[in-house]
Amino acid sequence: MLQNNIQSVFLHNTSDSRYDSNILSNNYVGIILVNSDNNTGLNNIAVNNIVGIAIVASTDNYLSNNMANFNGVGFEIIDSDNTELNNNTANNNKANGIALSSSTKNQLNENIANHNNDGIKLFNCSNSLLNNNIANSNRYAGIDLGSSRDNILTDNIANSNREHGFELAGSDNNTLRGNIGNSDMDHLPDDSPNRTSKNETKNQDIKNKSFIDSTISVIISWIHPNNFSDNVDNNPINSLSDNFSNNSISNFLDNISEDSIDVYVHPGDSIQQAIDNSSSGDIIAVYPGLYKENLIVNKSLIIISKPGESTETIIQAADPKDDIFYVAADNVTICGFNVIGTDQAGICYTGSCGIIAGNKLVSDKYGIYLKKAENITVENNNASQNGRGIYLRDSSRNIVKNNEVSHNWLHEEEYRNGILLRNSNNNKLTGNNVSRNWDGIRLENSSNNELSKNAVIDDYFCISLEDSNNNKLLDNTIKSIGYSFEITLGKSHNNTLQGNSAGFMTEVKVSSGPESTNNTLEGK
């Protein structure tokens, strides 16, 4: 962690460089580039800085999968051209989530900017493309263009913002197509001489498809249950993890109104056809019944079993050699299905900012498989009687909470894990019931994860760490029925084990050989 500096990472007159996976807090600027071209920044976390990440007088820079929350400004781009921001998150910043000024030919794709003053702000910017961004619940506007021209905004969602979804003050010759906004509170172009002129709007669903009281707002408020306050938590990193998924999913379906559902699927219909015919942001509700399909989800959708019905909406693999749900998009929700019978994954998610909740996954090679996935919430699922119940590979910053994961050993000897993390960092596993597996929870080459308040009981190996460092195991209940030790540390360093027990007043037994160093242990 880099903290308490003027600039923690400063690139000046620098080209063709990378700055990845840094954590930056309590700085004036977390990361800043000045007169620097063709650089790439991935997977950085900037919290509680005056400015999280800044690019000044630079060209051809690329930012992807970064998080800049709880700063004064999340991302600030000044006098810079050809900057590309993809899949970044900028939430709960005091001023703007993402701010660009005096810049041209920039691209913002699939970023999330919620709970700021302005979500995305462009001032004196031109010839830029904003596509598939989400800017909800901001205190002023979701997407705010001031004195900007010749920009294209397509398929963005700017909903439930306090003043306007889209604001175009003094901005000319912009094109808006297929966006979703705040209904009658929007300041869309009115062609008055002192405001805007010659802007083009097509396929705007501002009035007919307002999501103010719909599922997207429900999900955003569920993920971020606490309203933004100027007095944020003194430890914003803890705030992010603690608040990311505080609320239960139990009332999730009840909060979806009939009016907000775009497509219904009945037994005999094709779910895949409904997916193909839908637009990003649509809600698809599936009636109970048996569906034999392998589904590819390649756009931002909410796919749920019909609200108010039973969870007996069964999806069985038509081809057991393929995943049942294969998600290759961001901001996808899959909720309330019984997913059975594949030699691959019941739900495979490769993308970011999704929700997998309230599903039952049985007799699959992998129940839930997150592959190169980030900021996914996996909550209240039953992933039992699979090869691996929940599997994270090359995935980071995910929440795995309150899942039932048991009896996973049905495939070959290699696949007998309740929850497995491989090459996966900065995830949080909490409140899961992991029982009667061969390996309860196993981490391989995975660091900076937190395992807290899980019940890992009656597994042969309960919790195992291999080549995994800087993890926290806190307040778990761990009891083995086979191996002599409840926790095993193999070539793993700087891990913290505190408050874990094997039952009332019983300490866990920890196996830690000389190849594992600097671990903080409570146990025998």
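Keep in mind it's a predicted model, so treat the numbers as computed, not measured.

## Focus on the overall build of the protein
Piece 1. Of the regular secondary structure elements, the protein holds 3 helices and 49 strands.
Piece 2. Within the protein, the proportion of its 524 residues that are buried is 56%.
Piece 3. In the protein, 37% of the contacts between residues at least 6 apart in sequence involve partners at least 24 apart.
Piece 4. Surface accessibility of the protein: about 20300 Å² in total, with carbon and sulfur atoms responsible for 42%.

## Some details on the pairing of strand β23 (residues 283–286)
Piece 1. Neither face of β23 is left uncovered, since the one carrying Ile 283 and Ala 285 and the one carrying Ile 284 and Val 286 both have all their residues buried.
Piece 2. Of the pairings in the sheet, the one linking strand β22 (residues 263–265) to β23 comprises 3 bridges and is parallel in character. Looking at the pairing, Val 265 lines up with Val 286 of β23.
Piece 3. Between the parallel pair β22 and β23, the chain is carried across by helix α3 (residues 271–277), and the sense of this crossover is right-handed.
Piece 4. Both β23 and strand β26 (residues 302–305) contribute to a ladder of 4 bridges, which runs parallel.

## Comments concerning the nonpolar core
Piece 1. Ranked by internal contacts, the top residues of the largest apolar core, which has 54 residues, are Phe 325, Leu 370, Ile 390, Ile 441, Ile 463 and Ile 487.
Piece 2. Discounting residues that sit within four places of it in the chain, Ile 441 has contacts with Ile 419, Leu 429, Val 434, Leu 451, Val 456, Cys 462, Ile 463 and Ser 464.
Piece 3. Ile 53, Leu 100, Leu 153 and Ala 158 belong to the second-largest nonpolar core, a separate cluster that totals 31 residues.

## Here we look at the confidence of the model for the protein
Piece 1. In this model, the protein carries a mean pLDDT of 84, and residues with pLDDT of at least 70 account for 82%.
Piece 2. The model gives residues 189–197 a pLDDT under 50, and that stretch makes 26 contacts with residues more than four places away or in other chains.
Piece 3. Counting contacts from residues 203–251, a segment whose pLDDT is below 50, to residues more than four positions away or on other chains yields 113 contacts.

## Observations concerning the pairing of strand β32 (residues 360–371)
Piece 1. Among the 12 residues that make up β32, 9 are buried, leaving the element largely enclosed by the rest of the structure.
Piece 2. Pairing of strand β30 (residues 338–349) with β32 involves 8 bridges; the strand directions are parallel. By the bridge assignment, Thr 342 is partnered in β32 with Asp 364.
Piece 3. Bridge analysis of β32 against strand β34 (residues 382–383) gives 2 bridges, and the strand direction is parallel. Looking at β34, one finds that Leu 361 is bridged to Ala 383.

## Quick look at the sheet that holds strand β11 (residues 73–78)
Piece 1. Spatially, 8 strands are ordered β2-β5-β8-β11-β13-β15-β17-β19 in an open sheet, and the strand pairing comes out parallel. Looking at the sheet topology across the chains shown, the edges are occupied by β2 (7–12) and β19 (164–169). When strand polarity is set aside, the average angle formed by the axes of neighbouring strands in this sheet is 5 degrees.
Piece 2. Bridge count between strand β13 (residues 96–101) and strand β15 (residues 118–123): 5 bridges; the pairing is parallel. Within the sheet, the bridge partner assigned to Asn 96 lies in β15 and is Asp 118.

## Side note on the sheet that holds strand β42 (residues 450–452)
Piece 1. The strand order across the open sheet formed by 11 strands is β22-β23-β26-β29-β31-β33-β36-β39-β42-β45-β48, and the pairing between neighbours is parallel. In the strand order of this sheet, the two ends are held by β22 and β48 (496–498), each with one partner. Averaged over all pairs of adjacent strands, the angle between strand axes in this sheet comes to 10 degrees, irrespective of strand direction.
Piece 2. Of the pairings in the sheet, the one linking strand β33 (residues 377–379) to strand β36 (residues 399–401) comprises 3 bridges and is parallel in character.

## As for the side chain of Ser 352
Piece 1. With respect to the secondary-structure elements, Ser 352 resides in the loop between β30 and β31 (355–357).
Piece 2. When near neighbours in sequence (up to four residues on either side) are disregarded, Ser 352 contacts Asn 87, Ala 329, Asp 330, Asn 331, Glu 374, Asn 375 and Ile 376.

## Focus on the environment of Arg 397
Piece 1. Inspection of the secondary structure puts Arg 397 in the loop between β35 (388–393) and β36.
Piece 2. Separated by 354 residues in the primary sequence, Arg 397 and Asn 43 have C-alpha atoms spaced 9.7 Å apart.
Piece 3. In this structure, Arg 397 is in contact with Asn 43, Ile 45, Asn 65, Met 67, Glu 374, Asn 375, Ile 376, Asn 425, Asn 426 and Asn 427, ignoring residues within four places of it in sequence.

## Comments concerning the pattern of salt bridges
Piece 1. Evaluation of the coordinates by the stated rule reveals 9 salt bridges.
Piece 2. In this structure, Asp 150 and Arg 149 form a salt bridge, with 3.1 Å as the shortest nitrogen-oxygen distance.
Piece 3. The salt bridge partner of Arg 397 is Glu 374, with a shortest N-O separation of 3.1 Å. One end of the pair, Arg 397, is in the loop between β35 and β36; the other, Glu 374, is in the loop between β32 and β33, with 23 residues separating them in the sequence. Each member of the pair, Arg 397 as well as Glu 374, is classed as buried.

## Topic: the environment of Ile 152
Piece 1. Of note, Ile 152 is situated in strand β18 (residues 152–154).
Piece 2. Judged by its relative accessible area of 38%, Ile 152 falls in the partly exposed class.
Piece 3. For Ile 152 and Gln 107, which are 45 residues apart along the polypeptide, the C-alpha to C-alpha distance reads 9.8 Å.
Piece 4. In this structure Ile 152 touches Ser 128, Leu 129, Leu 130 and Thr 175, once residues within four positions along its chain are discounted.

## What to know about the packing of aromatic side chains
Piece 1. Scanning all chains against the criterion turns up 8 aromatic pairs.
Piece 2. On the basis of an interplanar angle of 5 degrees and a centroid distance of 4.8 Å, the ring pair of Tyr 369 and Tyr 391 is categorised as stacked. In this pair, Tyr 369 is assigned in strand β32 and Tyr 391 in strand β35, connecting sequence segments 22 residues apart. For the pair shown, Tyr 369 and Tyr 391 are each scored as buried.
Piece 3. Plain terms: the ring middles of Trp 438 and Phe 461 are 5.8 Å apart, the flat faces sit at 75 degrees to each other, and that makes the pair edge-to-face. Remark: Phe 461 occurs in strand β44 (residues 461–466) and Trp 438 occurs in the loop between β40 (433–435) and β41 (439–444); sequence separation between them is 23 residues.
Piece 4. Here the aromatic residues Tyr 366, Tyr 369 and Tyr 391 are joined through ring pairs into a cluster of three or more.
Piece 5. Across the ring face of Tyr 391, the terminal group of Arg 388 is positioned such that the distance to the ring centre comes to 4.8 Å.
Piece 6. Across the ring face of Trp 438, the terminal group of Arg 416 is positioned such that the distance to the ring centre comes to 4.2 Å.

Each value, and the rule that gives it
- Position numbers for residues start from 1 in each chain and track the written sequence from start to end.
- Per-residue local features are limited, in this predicted model, to residues with pLDDT of at least 70; the limit for side-chain atom pairs, both in listing and counting, is 80 or more; totals at the level of whole chains, interfaces and linings are taken over all residues.
- For the side-chain quantities, the full set of heavy atoms in the structure was used; hydrogens and water were omitted.
- Here a helix means four or more residues in a row that DSSP labels H or I, a strand means two or more in a row labelled E, and each is numbered from the N terminus.
- We call a residue buried when its accessible area falls under 20% of the maximum for its residue type, exposed when it is over 50%, and partly exposed in between, using a 1.4 Å probe and counting protein chains only.
- The contact criterion used throughout is that any non-hydrogen atoms of two residues lie within 4.5 Å.
- Values of accessible area rely on a 1.4 Å probe in the Shrake-Rupley scheme; residue burial ignores everything except the protein chains shown.
- Strands pair, by our definition, only if DSSP identifies at least two bridges between them.
- Call a crossover right-handed when, viewed with both strands pointing away from you, the route from the first strand across the helix to the second goes clockwise.
- Side-chain atoms within 4.5 Å are what join buried Ala, Val, Leu, Ile, Met, Phe, Trp, Tyr and Cys residues into a set we call a nonpolar core.
- For every residue, the predictor reports its confidence as pLDDT, a number between 0 and 100.
- Here, axes are lines fitted to C-alpha atoms. For helices the fit covers the stretch in contact, and angles between N-to-C directions go from 0 to 180 degrees.
- We define a salt bridge as a contact between a side-chain nitrogen of Lys or Arg and a carboxyl oxygen of Asp or Glu at a distance within 4 Å.
- Between the rings of Phe, Tyr and Trp (Trp by its six-membered ring), a pair exists once the centres lie within 6.5 Å; its type follows the angle of the planes, with under 30 degrees stacked, over 60 edge-to-face, and the other angles tilted.
- Working rule: Lys NZ or Arg CZ, within 6 Å of ring centre, within 35 degrees of ring normal, means a charge sits over the ring.

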